[in-house]
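Structural overview for review
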Amino acid sequence: MSHLRELYQEVIFDHNRNPHNFGKLPNPDRTVHGHNPLCGDQLTLYLQVDADGAIRDIAFDGHGCAISVASASIMTDLVKGASAAEALLWFDKFHAMVTGGGDGGGGEGMEKLAVLGGVRQYPMRVKCATLPWHTLQAALRGGGATVSTE
Amino acid sequence: MKAATATAIKPPADFAVEKIRADFPALHQKVHGRPLVYLDNAASAQKPQAVIDAISDYYRRDHANVHRGVHTLSQRATDAYEGAREKVRAWINAASSCECIYVSGATEGVNLVAQAYARPRLKSGDEIVATISEHHSNIVPWQMVCEQTGAVLRAIPVQDNGELDLRAAAELIGGRTRIVAFGHISNALGTVNPVAELTAMARAAGAVTVVDGAQAMPHLRVDVRALDCDFYTFSGHKMYGPTGSGILYGKEALLDSMAPYRGGGEMIKSVSFAGTVYHDLPHKFEAGTPFIAGAVGLGATVDYLGGIGMEQVAAHESAVLDYALARAADTPGLTVIGRPRQRAAILSFTMDGVHPHDIGTVLDHEGVAVRTGHHCAQPLMQRFGIAATARASFGMYNTRAEVDALFAAVGKVREMF
Ligand SMILES: Cc1ncc(COP(=O)(O)O)c(C=O)c1O
């Protein structure tokens, strides 16, 4: 059970049961839909973005496994108030952490993301953890209204 | 366990499941320190030693290209390849082995009919009727034909119990219908569809039937002439045979009337730049060097199943399924999707507050392999308002003890979440 406990840390269950920033924003500047065709997970991100690109407010809804819901919950907490560049840098580090290992180079905020580090033992679940981030990236880069992990 | 219903269900006494398990090397291993409980048979079944041996013996001794050389090995390979075709013909009771086309699986079987039969014949205004419970491989090829021809694809709905709505089917299948395509058994719910009734409706409308038998072959003895369908296709790997092997059965007159859909070697009688004469059935649809070892393995699979008897397999699986359904009914917070009256040993379920993906990961840690996701049947998932399920699918080698292991693991999921 050791790996399993590393994957499903208590914090993950907490976020899954009571996800932060769950729901819609009243007047989002950007709405982007994320989809994992492999398992059918769906997630929509709502963003209010300042003129300089900073994320003033962010929320999400949809349905997914505990890993993707916890990841979206933690991500939205972290990036609220951050600049687009900061958010994208976190994605890079997070991606390095869940695919490679280590702490993705560390730095501010990475300790919050570290609870998802157990995903690296489960290649089939990496996409669950990264779906919210792929969706955020699309929102910040102003790409299409729907992104897919495939 | 508290269910009186569950304990009352006994497997047939004459089915020696332990002896069968001994034939399947892959079953005897540990996963995460637990004995493997393989319940993902609907995705792909494990292989008996007899099939593994047939393939390896073929490569060790008899391999050469088929239908080409005058030398001994080519003759042996050709005999093995055509011998396997004859075994499959007898197994499904086709009238002639020329009606059994080797394909890479059910997916290619449907695509072959879509491109070689439907595409040249259909036109704008024609209709193809499928069902909402189809595997994507029996939807997408028809959508492609619709794009190519202007035909329209319509879907027979499914009732809450997971059975097809035959009244709606009777309304959908009519004068415009050219093709009726449906699965024999639903891979997502296990529903056994009424092939004879649908075939009769199609016939009355003058339409051709295409049956996807991928999930039926491992559970039933299929007789294509008794079903009276026009096309029937299946994959070897779901019936304990090799991946990449499969058969498209078609009535000879229909296959004869179709032009080949791939050109190349093996499928011609003579080639010149002035024109080419195609080979006869079945070779006209088998361009290029085929998957000879796969055909040999498929023949060995049919021999193996024949030695056991599909009636015995069906009786054993139905006892295991009934036991699993009774255990499921005793599990609070667990919902089985669909209650069809006729069901193969496939059980799709959801658990309150737990996503199927998480179920799958925890089960895997208990050694229990199930499939989680949409099972390539997204329209059906949408019909039931769910994105995904966990699916336990049983094969001839699964036991009551493994059902207990599944539900013990489900209990672990409950504890964690
Ligand atoms: C009902 C059904 N049809 C078709 C297929 C496709 O089979 P294959 O991938 O072997 O071509 C499958 C399995 O994936 C199936 O379950």
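Residues numbered from 1 in each chain as written. Chains lettered and ligands numbered in written order. Predicted model: local features only at pLDDT ≥ 70, side-chain atom pairs only at ≥ 80, totals over all residues. Heavy atoms only, no water.

**Remarks on the overall build of chain A**
Formally: The helix count covers DSSP runs of H or I at least four residues long, the strand count covers runs of E at least two residues long, and both are numbered beginning at the N terminus. The globule rule used here is 2.2 Å times the number of residues to the 0.38 power, and the radius of gyration it is set against is calculated over C-alpha atoms. Each residue is assigned to one of three classes by its accessible area relative to the maximum for its type, calculated with a 1.4 Å probe on protein chains only: buried under 20%, partly exposed between the two thresholds, exposed over 50%. Throughout, a residue-residue contact means that at least one pair of heavy atoms, one from each residue, lies within 4.5 Å.
Assigned secondary structure in chain A consists of six helices and four strands. In chain A, the order of α-helices and β-strands from amino to carboxyl end is α-α-β-β-β-α-α-α-α-β. Its C-alpha atoms give chain A a radius of gyration of 14 Å, near enough to 15 Å, the size a compact globule of 150 residues would have. Taking the principal axes of the C-alpha coordinates as reference, chain A spans close to 45 × 30 × 30 Å. Buried positions account for 55% of the 150 residues belonging to chain A. Contacts spanning at least 24 positions in sequence make up 58% of the contacts within chain A whose residues lie at least 6 apart.

**Structural notes on the overall build of chain B**
As a reminder, the rule being used: The charged-residue count follows a simple rule in which Lys and Arg add positive charge and Asp and Glu add negative charge, with His and chain termini not counted at all. Just so you know, the charge point we use is NZ for Lys, CZ for Arg, CG for Asp and CD for Glu.
Helix and strand content of chain B: 15 helices and 17 strands. Against the compact-globule benchmark of 22 Å for 417 residues, chain B has a radius of gyration of 22 Å, which places it among compact chains. In terms of overall dimensions, chain B has C-alpha extents of about 75 × 55 × 35 Å along its principal axes. When each of the 417 residues of chain B is scored for burial, the buried share is 57%. Within chain B, counting contacts between residues at least 6 apart in sequence, those at least 24 apart form 71% of the total. Each charge class in chain B can be summarised by its mean position, and for the 39 positive and 42 negative side chains these summaries are 1 Å apart.

**Topic: the pattern of salt bridges**
Residue and element names in this part refer to chain B. What counts is decided by this rule: Each salt bridge in this description consists of a side-chain nitrogen of Lys or Arg and a carboxyl oxygen of Asp or Glu lying within 4 Å of one another.
One pass over the structure, following the stated rule, counts 29 salt bridges over all chains. Here aspartate 62 makes a salt bridge to arginine 76, at a shortest N to O gap of 3.0 Å. A residue pair is termed long-range when its members are at least 10 positions apart, and aspartate 62 in helix α3 (residues 49–62) and arginine 76 in helix α4 (residues 72–92) qualify at 14 residues. Overall, the relative accessible area of 36% leaves arginine 76 in the partly exposed class. Arginine 327 is the partner of aspartate 404 in a salt bridge, and the nearest nitrogen-oxygen pair spans 2.7 Å. Of this pair, aspartate 404 sits in helix α15 (residues 400–416) while arginine 327 is found in helix α12 (residues 310–329), placing the two residues 77 residues apart along the sequence. Through salt bridges that share partners, Arg203, Asp228, Asp230 and Lys251 make up one connected network.

**A short note on unusual backbone geometry**
Note: most peptide bonds trans; most residues except glycine with negative phi. All names here are of chain B. Note that the residue after leucine 281, namely proline 282, is joined by a cis bond; omega there is -5°. Relative to the helices and strands, proline 282 is located in the loop between β12 (275–278) and α11 (292–308). In this structure, histidine 67 takes a positive phi of about 55° despite not being glycine. You can see histidine 67 is positioned in the loop between α3 and α4. One non-glycine residue, glutamate 266, lies in positive phi territory at about 75°.

**Focus: the interface of chain A and chain B**
To be explicit about the condition: Buried area is calculated as the accessible area (1.4 Å probe) missing from two parts once they are joined, with the contributions of both summed. N or O atoms closer than or at 3.5 Å make up a polar contact, with two conditions inside protein: a donor-capable atom paired with an acceptor-capable one, and, for residues adjacent in sequence, both atoms drawn from side chains.
Counting residues at the interface gives 22 residues for chain A and 15 residues for chain B. Summed over both sides, the interface of chain A with chain B buries roughly 1500 Å², with 63% coming from carbon and sulfur. Across the contact surface, chain A and chain B share one salt bridge. Asp358(B) is the partner of Arg125(A) in a salt bridge, and the nearest nitrogen-oxygen pair spans 2.8 Å. Run the count over chain A and chain B and you get eight residue pairs in polar contact (both at pLDDT 80 or more). For the side of chain A that touches chain B, the elements supplying multiple residues, two or more each, are α1 (2–7), α2 (10–17) and α3 (66–79) of chain A.

**Things to note about the side chain of Gln137(A)**
Residues and elements named next belong to chain A. With respect to the secondary-structure elements, glutamine 137 resides in helix α6 (residues 126–141). Judged by relative accessible area, glutamine 137 falls into the buried class, the value being 18%. Apart from the residues within four sequence positions on either side, glutamine 137 is in contact with Leu88 and Phe91.

**Regarding the domain arrangement of chain B**
Residues and elements named next belong to chain B. Under the convention used in this document: Start and end positions for the domains come from either an automated domain assignment or a database one.
By domain assignment, chain B separates into domain 1 (6–31 + 309–416) and domain 2 (52–306). Distance from the C-alpha centre of domain 1 to the C-alpha centre of domain 2: 28 Å. Across the interface of domain 1 and domain 2, roughly 2700 Å² is buried in total on both sides, 59% from carbon and sulfur atoms. Three residues stand out in domain 1 for area buried against domain 2, namely Met310, Leu380 and Arg383, and they jointly supply 24% of the buried area on that side.

**A look at the nonpolar core**
Short version of the rule: What is meant by a nonpolar core is a set of buried Ala, Val, Leu, Ile, Met, Phe, Trp, Tyr and Cys residues, joined one to another through side-chain atoms within 4.5 Å.
By size, the foremost hydrophobic cluster in this structure holds 78 residues, and its most contacted members are Tyr8(A), Ile67(A), Trp133(A), Leu136(A) and Leu406(B). When near neighbours in sequence (up to four residues on either side) are disregarded, Leu136(A) contacts Leu45(A), Leu47(A), Ile55(A), Ile58(A), Met75(A), Val79(A) and Ala87(A). Listed in part, the 71 residues of the second largest apolar core include Ala94(B), Ile185(B), Ala216(B) and Tyr249(B).

**Concerning the packing of helix α5 (residues 106–121) of chain B against helix α6 (residues 140–149) of chain B**
Residue and element names in this part refer to chain B. Rule in force here: Lines are fitted to the C-alpha atoms to define the axes, a helix being fitted only along its stretch in contact, and any angle between axes, read from their N-to-C directions, falls within 0 to 180 degrees. Note on angle classes: values under 35 degrees are labelled roughly parallel, values over 145 roughly antiparallel, values of 65 to 115 roughly perpendicular, and the remainder oblique. By convention the crossing between two helices is left-handed if the near helix lies anticlockwise of the far one by an angle smaller than a right angle, and right-handed if it lies clockwise.
At a minimum axis distance of 9 Å, the contact between α5 and α6 shows a crossing angle of 20°. Judged on the interaxial angle alone, α6 and α5 are roughly parallel. Of the two elements, α5 crosses α6, and the hand of that crossing is right-handed. Here α5 contributes Val110, Asn111, Val113, Ala114, Gln115, Ala118 and Arg119 to the contact with α6, which in turn contributes Pro141, Trp142, Val145, Gln148 and Thr149.

**As for the environment of Ala293(B)**
All names here are of chain B. One can find alanine 293 in helix α11. Between the alpha carbons of alanine 293 and valine 413 there is a distance of 42 Å; along the sequence they are 120 residues apart. Excluding residues that lie within four positions of it along the chain, alanine 293 makes contacts with Ile55, Tyr58 and Tyr59.

**Considering α3(B)**
All names here are of chain B. Put simply, the test is: Given the number of residues in a helix, its expected span is that number minus one, multiplied by 1.5 Å. The arc refers to the directions leading from the helix axis to the C-beta atoms.
For α3, spanning 14 residues, the distance from its first C-alpha to its last is 19 Å, which sits close to the expected 20 Å at 1.5 Å a residue. Looking at α3, one finds that the buried residues are Val51, Ala54, Tyr58 and Asp62. The buried residues of α3 occupy an angular sector of 60° when projected down its axis, which confines them to one face. Next to the buried residues of α3 lie α4 and α11.

**Description of the state of the cysteines**
Cysteine pairs can be linked by a disulfide, which is a covalent bond between their two sulfur atoms. As a reminder of what qualifies: Note that a disulfide, as used here, is simply two cysteine sulfur atoms within 2.5 Å.
With the rule as written, the count across this model stands at zero disulfides over all chains. Cys100(B) supplies the cysteine sulfur nearest to Cys98(B), a cysteine that is in no disulfide, at a spacing of 8.3 Å.

**A closer look at the site of the ligand**
Residue and element names in this part refer to chain B. The condition that has to hold: Note on definitions. A residue lies near a molecule or strand when any single heavy atom of the residue is within 4 Å of it. Only the protein chains shown count as cover for residues, with accessible areas throughout obtained via the Shrake-Rupley method and a probe of 1.4 Å.
Taken together, Gly105, Ala106, Thr107, His135, Ser137, Asn187, Asp212, Ala214, Gln215, Ser235, His237 and Lys238 make up the full set of residues near the ligand. Within the side chain of aspartate 212, a nitrogen or oxygen atom sits 2.5 Å from a nitrogen atom of the ligand. Within the side chain of serine 235, an N or O atom sits 2.7 Å from an oxygen atom of the ligand. Expressed as a share of its isolated accessible area of 390 Å², the protein-covered part of the ligand is 84%.

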